[in-house]
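Residue-level listing of the chains:
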Amino acid sequence: MIKIISFKICPFVQRVTAALAAKNIAYEIEYISLSDKPQWFLDISPNGQVPVMVTDNGTALFESDAIIEYIEDEYGPLEQNVTNEQRALDRAWSYLGAKHYLAQCGTMSSKNQTTFEERLAKLYKAFHKMENQLSGHTRFFKSDELSNVDIAWLPLLHRANIVKQKTGQDMLCGLPKVQAWQQAVMASGLIEKTVANDFTEKFADFYLTNTFLAEGKDIQPTDACGSANCCG
């Protein structure tokens, strides 16, 4: 069986588990501490980052983009009859989402209002591009069925939803089509299949404790919330 090596709140991992869950591909998952990485993990992860996927043949794959492409190649596309041009467009929109994972992590980790607002403004630009791209007439990005683009943006939409529920801060404020898209993704039933049962608790401990987002005021930095650039 496929094995995923993971850090519980890593968005890059969630993209991979969402791709597997969307196709009903069975897998097992092992969580590690990124502050105390075991040697066996470092031996199979050249960049020391999660996710790592160990295939049925025992091959350790790293880099989330490569893993996503492997899932597509090995188990077939999520959508049928997609032209090469459309597939390239889908990958481009997917890459746009994935390259903002760390930007969102950094925004949520901000210790003061100025930093938070500056980072959120940059992140908001990406969501605004999606607002212009979405038709507003379908549940998901392209149609009423999930696509790879929805999978790629799922971690961003999921985290924005938790932030809004826990703090009242809406990262998607003023973007009605993206908000509707977020609601559709949250209601799809896929989210629950992509994360551990205690995901929200772990997420809140990391991003909604000792941060501006949690306190609503400038606070002194500590080691409680570190850099999130340990997955990719």
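Everything below is about the structure shown above.
Scoring rules and cut-offs
- Residues numbered from 1 in each chain as written.
- Predicted model: local features only at pLDDT ≥ 70, side-chain atom pairs only at ≥ 80, totals over all residues.
- Heavy atoms only, no water.
- Helix = DSSP H or I, 4+ residues; strand = E, 2+ residues; numbered from the N terminus.
- Rg over C-alpha atoms; globule rule 2.2 N^0.38 Å.
- Buried < 20%, exposed > 50% of the residue type's maximum accessible area, 1.4 Å probe, protein only.
- Axes fitted to C-alpha atoms, helices over the stretch in contact; angles between N-to-C directions.
- Parallel < 35°, antiparallel > 145°, perpendicular 65-115°, else oblique.
- Left-handed = near helix turned anticlockwise from the far one by under 90°.
- Contact = heavy atoms within 4.5 Å.
- Salt bridge = Lys/Arg side-chain N within 4 Å of Asp/Glu carboxyl O.

Novice: Hey, could you go over the overall build of the chain for me, with residue numbers and the actual values?
Specialist: Along the chain, the regular secondary structure elements total 10 helices and 4 strands. Of the regular secondary structure in the chain, the N- to C-terminal order runs β-α-β-α-β-β-α-α-α-α-α-α-α-α. Its C-alpha radius of gyration of 17 Å places the chain within 12% of the 17 Å reference for a compact globule of 232 residues. Seen through its C-alpha atoms, the chain measures out along the principal axes to roughly 50 × 50 × 25 Å. A burial count over the chain gives 47% of its 232 residues as buried.

Novice: Any chance you could break down the packing of helix H5 (residues 101-109) against helix H7 (residues 148-167) for me, citing the residues and the numbers?
Specialist: Running from N to C, H5 and H7 cross one another at 15 degrees; their axes reach a closest spacing of 10 Å. It follows from the interaxial angle that H5 and H7 lie roughly parallel. The handedness of the crossing between H5 and H7 is left-handed. Packed against H5, whose contacting residues are Tyr101, Gln104 and Met108, the element H7 presents Ala152, Pro155, Leu156, Arg159, Ala160 and Val163 at the interface.

Novice: Break down the pattern of salt bridges for me, citing the residues and quoting the values.
Specialist: Under the counting rule described, the total for this entry stands at 7 salt bridges. A salt bridge links Glu72 to Lys23; its shortest N-O distance comes to 3.4 Å. Of this pair, Glu72 sits in helix H3 (residues 64-75) while Lys23 sits in the loop between helix H1 (11-22) and strand S2 (27-31), and the two are 49 residues apart along the sequence. Residue Glu72 shares its accessibility class with Lys23, and that shared class is buried. Lys142 is paired through a salt bridge with Asp90; the nearest N and O atoms lie 2.9 Å apart.

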